[in-house]
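Here's the letter readout for the chains.
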Amino acid sequence: MEDQHHRQITYLRLSIIDRCNLRCFYCTPVQELVKLQHADILRYEELLRLAQVAVAVGIRKIRVTGGEPLIRLGVESFLAALGAIPGLEEICLTSNGVLLADKAAALWEAGVRRLNISLDSLQPERFARITGRDQLARVLDGLRLATTQGFEPIKINCVVLRGINDDEVVDFARLSLDYPWHIRFLEFMPIGHPRRRWQEYYLPTAEIQARLTTLGSLQRLPTVANGGPAVRYRFAGAPGEIGFISPVSRHFCEACNRLRLTADGRLRPCLFQDDEVAIKGPLRAGASDATLRDLFRQAICLKPSRHHLDHSLTSPCRRTMARIGG
Ligand code: SAM
């Protein structure tokens with residue numbers, strides 16, 4: 001379906017849980033340790049029904065996210081059922097990778113082939129400081145195992161935070177020389193925390209990219225249709241790629257094709273706006289597929305032409321990333 005700004009909305013990010021097994025200081029603030037009640041979270045059969053409705057309004061790709069999706073019991077069967085929905089062309093998973101080594105074979109069996117793994121430090125102590133958990137070794141084991149298993153592509157998303165992990169960008173980029181991984185550097189976004197804090201940590205892509213010149217020159221890769229917001233590069237001869245995602249310094253709203261469904265059943269048209277369409281209530285009250293389709297269309301119509309992140313504004317939304325689903 002096309003939105004009011006002539007963009008085809010074909011991509012749904014489905015958050016299946018608000019809980020996480022990490023406590024990244026910039027993503028899950030302490031006040032959010034009070035979690036949603038079990039009954040507030042959409043059940044798998046509800047998620048599958050909404051996914052079917054989404055496909056009926058034109059969604060072709062679903063990314064399952066959280067919280068941490070791999071901590072939800074039965075996620076493998078859910079993913080297999082999701083993958084069986086006729087008309088859905090692609091499912092992918094976003095995870096922090098802590099449980100990847102345990103679940104890689106089951107995920108493969110469930111039909112998942114594409115993985116996005118979030119990783120902000122390659123140093124064990126720093127990883128523990130950022131995430132509140134000493135789990136780097138497990139994440140790295142998971143990445144190696146998933147590579148052997150055949151997942152492709154494996155994208156590693158690193159949020160670059162000034163003064164926290166920005167001295168590691170070259171180490172991250174170097175991974176693309178040894179592994180077929182797509183190393184993607186994300187700008188820190190002003191979501192759900194005080195503006196001053198965001199300004200302290202924010203590092204624009206241009207600065208990140210400049211630091212990589214010590215490794216060689218980056219060759220730009222062609223953009224592909226619906227290929228996502230990353231501007232992609234490769235070091236000569238490298239098996240992996242480098243990507244830059246710059247929601248703040250170079251927004252990509254004109255190509256935005258996505259909609260989000262939060263774990264508590266709200267359709268969120270734009271990451272940076274709290275306008276949401278509640279769909280869980282009607283779903284549980286017995287709404288027909290036609291009514292649910294209308295709610296999806298309503299959410300798509302609410303998509304703004306672009307976000308207006310600007311250094312002088314206050315944080316654009318109340319929800320944090322942990323509560324939205326990334
Ligand atoms: N647990 C899963 C994971 O770690 O990928 C999925 C949920 S997590 C909220 C999704 C992504 O959002 C993570 O890569 C995290 O680093 C990123 N994130 C959280 N807050 C962010 C912010 N303010 N700016 C940029 N990325 C952020």
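Reading the values: the criteria
- Residues numbered from 1 in each chain as written.
- Predicted model: local features only at pLDDT ≥ 70, side-chain atom pairs only at ≥ 80, totals over all residues.
- Heavy atoms only, no water.
- Near = heavy atom within 4 Å.
- Nonpolar A, V, L, I, M, F, W, Y, C, P; charged D, E, K, R; others polar.
- Core = buried A, V, L, I, M, F, W, Y, C linked by side-chain atoms within 4.5 Å.
- Buried < 20%, exposed > 50% of the residue type's maximum accessible area, 1.4 Å probe, protein only.
- Helix = DSSP H or I, 4+ residues; strand = E, 2+ residues; numbered from the N terminus.
- Contact = heavy atoms within 4.5 Å.
- Phe/Tyr/Trp six-rings, centres within 6.5 Å; stacked < 30°, edge-to-face > 60°.
- Lys NZ or Arg CZ within 6 Å of the ring centre and 35° of its normal.
- Pairing = 2+ DSSP bridges.
- Arc of directions from axis to C-beta.
- Polar contact = N/O pair within 3.5 Å; in protein donor to acceptor, adjacent residues only side chain to side chain.
- Axes fitted to C-alpha atoms, helices over the stretch in contact; angles between N-to-C directions.
- Parallel < 35°, antiparallel > 145°, perpendicular 65-115°, else oblique.
- Left-handed = near helix turned anticlockwise from the far one by under 90°.

(A) Inspection of the site of the ligand at higher detail. Neighbouring the ligand are 17 residues, the closest being Tyr-26, Gly-67, Thr-94, Ser-118 and Met-189. A class-by-class count of the residues in the shell around the ligand yields six nonpolar, nine polar and two charged.

(B) Region of interest: the nonpolar core. If you look at the biggest cluster of nonpolar residues, it comprises 98 residues, and the most contacted ones within it are Leu-82 and Phe-185. The element contributing the most residues to this core is helix H1 (residues 44-56), with eight residues. If we ignore the near neighbours within four places in the chain, the residues touching Phe-185 are Cys-158, Val-160, Val-169, Phe-172, Ala-173, Ile-208, Leu-212, Ile-242, Gly-243, Phe-244 and Ile-245.

(C) Region of interest: the packing of aromatic side chains. As enumerated under the stated definition, the model contains ten aromatic pairs in all. Centre to centre, the rings of Tyr-44 and Phe-78 are 4.8 Å apart; their planes meet at 15°, and the pair counts as stacked. Of this pair, Tyr-44 sits in helix H1 while Phe-78 sits in helix H2 (residues 75-83), and the two are 34 residues apart along the sequence. Against the face of Trp-108 rests Arg-113, its NZ or CZ located 3.6 Å from the ring centre.

(D) Representation of the sheet that holds strand S6 (residues 182-187) within the structure. Read across the open sheet, the twelve strands follow the order S7-S8-S9-S6-S5-S4-S3-S2-S1-S10-S11-S12; overall the sheet is mixed. The open sheet has two edge strands with one neighbour each: strand S7 (218-220) and strand S12 (277-278). Judged from the two bridges that link them, strand S11 (residues 266-268) and S12 form a sheet pairing that is antiparallel. Each residue of the ladder has a partner; that of Arg-266, found in S12, is Ala-278.

(E) Main features of H2. Here H2 has its buried residues at Val-75, Glu-76, Phe-78, Leu-79 and Leu-82. Projected onto a plane normal to the axis of H2, the buried residues spread over an arc of 160° and lie on a single side. The elements touched by buried residues of H2 are strand S1 (11-15), H1, strand S2 (61-65), strand S3 (90-95) and helix H3 (100-109).

(F) Here's a closer look at the side chain of Asn-165. Looking at where Asn-165 falls in the secondary structure, it is placed in the loop between strand S5 (154-160) and helix H6 (169-178). Residue classification places Asn-165 among the buried residues on the basis of a relative accessible area of 1%. In this structure the side chain of Asn-165 is engaged in a polar contact, spanning 2.9 Å, whose partner is the backbone oxygen of Val-159. There is a polar contact of 2.7 Å between the side chain of Asn-165 and the backbone nitrogen of Leu-161. If near-sequence neighbours (up to four positions away) are discounted, Asn-165 is found in contact with Asp-120, Arg-126, Ile-130, Cys-158, Val-159 and Val-160.

(G) Structural context of the environment of Ala-206. Relative to the helices and strands, Ala-206 is located in helix H8 (residues 205-211). Between the alpha carbons of Ala-206 and Ser-246 there is a distance of 9.2 Å; along the sequence they are 40 residues apart.

(H) Broad picture of the packing of H3 against helix H5 (residues 136-149). With their axes 8 Å apart at the nearest point, H3 and H5 run at an angle of 25° to one another. Taken as axis vectors, H3 and H5 run roughly parallel relative to one another. Seen from above, H3 lies across H5 with right-handed handedness. Here Leu-100, Ala-101, Asp-102, Ala-104, Ala-105 and Trp-108 of H3 lie close against H5, whose contacting residues are Arg-138, Asp-141, Gly-142, Leu-143, Leu-145, Ala-146 and Gln-149. Grouping the amino acids of the contact of H3 with H5 by side-chain chemistry returns eight nonpolar, two polar and three charged.

(I) The arrangement of H3 in detail. Listing the buried residues of H3 in full gives Leu-100, Lys-103, Ala-104 and Leu-107. The arc that holds every buried residue of H3, seen down its axis, measures 135°, which confines them to one face. Facing away from the buried side of H3 by more than 90 degrees, the exposed set consists of Asp-102 and Glu-109. Where H3 terminates, the next one or two residues include Gly-111, which has phi positive at roughly 100°.

(J) Summary view of the pairing of strand S10 (residues 258-261). The side-chain alternation of S10 yields two buried faces, one formed by Arg-258 and Arg-260 and the other by Leu-259 and Leu-261. With four bridges joining them, S1 and S10 adopt parallel strand pairing. Each bridged residue has a counterpart across the sheet, and for Tyr-11 the counterpart in S10 is Arg-258. When S10 meets S11, the two strands line up antiparallel, connected through two bridges. Bridged to Leu-261 within S11 is Leu-267. Hairpin connection, S10 to S11: the antiparallel pair is bridged by four residues, and Gly-265 has positive phi, about 80°.

(K) Focus on unusual backbone geometry. Following Glu-152, the chain continues to Pro-153 via a peptide bond in cis, the omega torsion being 0°. By the secondary structure assignment, Pro-153 is in the loop between H5 and S5. With a phi angle near 65°, His-6 is a residue other than glycine that sits in the positive phi range. Relative to the helices and strands, His-6 resides in the segment before S1.

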